[in-house]
Amino acid sequence: MADEKTTVKEKTQGAEQPKKEGKFITFCKNLPRNIATPFKNMWHELKQVTWPTKKDLINYTCIVLVFMVFMGVVIGLLDMGASKLVTAISSLKDTGDVEAHDHDHDANDAGDDNLPDGVTEPDANDTVTDTASEQPAATEAPANGN
């Protein structure tokens, strides 16, 4: 029995090579038909379609265009409403930030704990000068032109 199995196996291995070549040749021969078949089927299906009349086509086109304009108006109104809502919320936030900033500034004025002893914060009327950028005063030329 073992001899019969190996013999059958050897026979099938030897037959595989010509069989593969035969499959490739068959594939190449059938390729144009395999490509054309779906297009032929599609053509037969399109012949069975009931096409709308010119009047129906114009009617359907008008319905689609009216619907598109309607949806454009609806989406535009929603967008405008959302923009106004975001603007209103952001303006509320901006006024809230100013109040919070004023409270922080008042708290810093009350306690000068962060400043060293003897140093005070400058007032609004004080002018701050940068000593590194100061230029020496220019000497005036004599009035007599010499």
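Numbers given to residues run from 1 along each chain, matching the order in which its sequence is written. Given that the model is predicted, a residue must reach a pLDDT of at least 70 before its local features are reported, and side-chain atom pairs must reach 80 or more before they are shown or counted; all residues, however, enter totals for whole chains, interfaces and linings. Side-chain descriptors were evaluated using all non-hydrogen atoms of the structure, hydrogens and water having been removed beforehand.

Observations concerning the overall build of the chain
And then number 1: When helices and strands are tallied, the chain shows 2 helices and 0 strands.
And then number 2: For each residue, the accessible area found with a 1.4 Å probe, counting protein chains only, is set against the maximum for its type, and the residue is called buried under 20%, exposed over 50%, and partly exposed in between. In the chain, which comprises 146 residues, the share counted as buried stands at 0%.
And then number 3: Summed over all atoms, the accessible surface of the chain reaches about 14,200 Å², with 62% contributed by carbon and sulfur. Strands here mean DSSP runs of E at least two residues long; helices mean DSSP runs of H or I at least four residues long; both are numbered from the N terminus. The Shrake-Rupley method, run with a 1.4 Å probe, gives the accessible areas here. Residue values count only the displayed protein chains as cover.

Quick look at a nonpolar patch on the surface
And then number 1: A cluster of nonpolar side chains, contributed by F24, I25, F27, L31, I35, F39, M42, W43, L46, V49 and W51, occupies part of the molecular surface with about 1,200 Å² of accessible area.
And then number 2: With respect to the helices and strands, the residue F39 is situated in helix 1 (residues 2-48). Here the term patch refers to residues with relative accessible area over 30% and no salt bridge, with like charges joined within 9 Å and nonpolar side chains (Val, Leu, Ile, Met, Phe, Trp, Tyr) within 5 Å. What makes a salt bridge here is a side-chain nitrogen of Lys or Arg within 4 Å of a carboxyl oxygen of Asp or Glu, nothing more.

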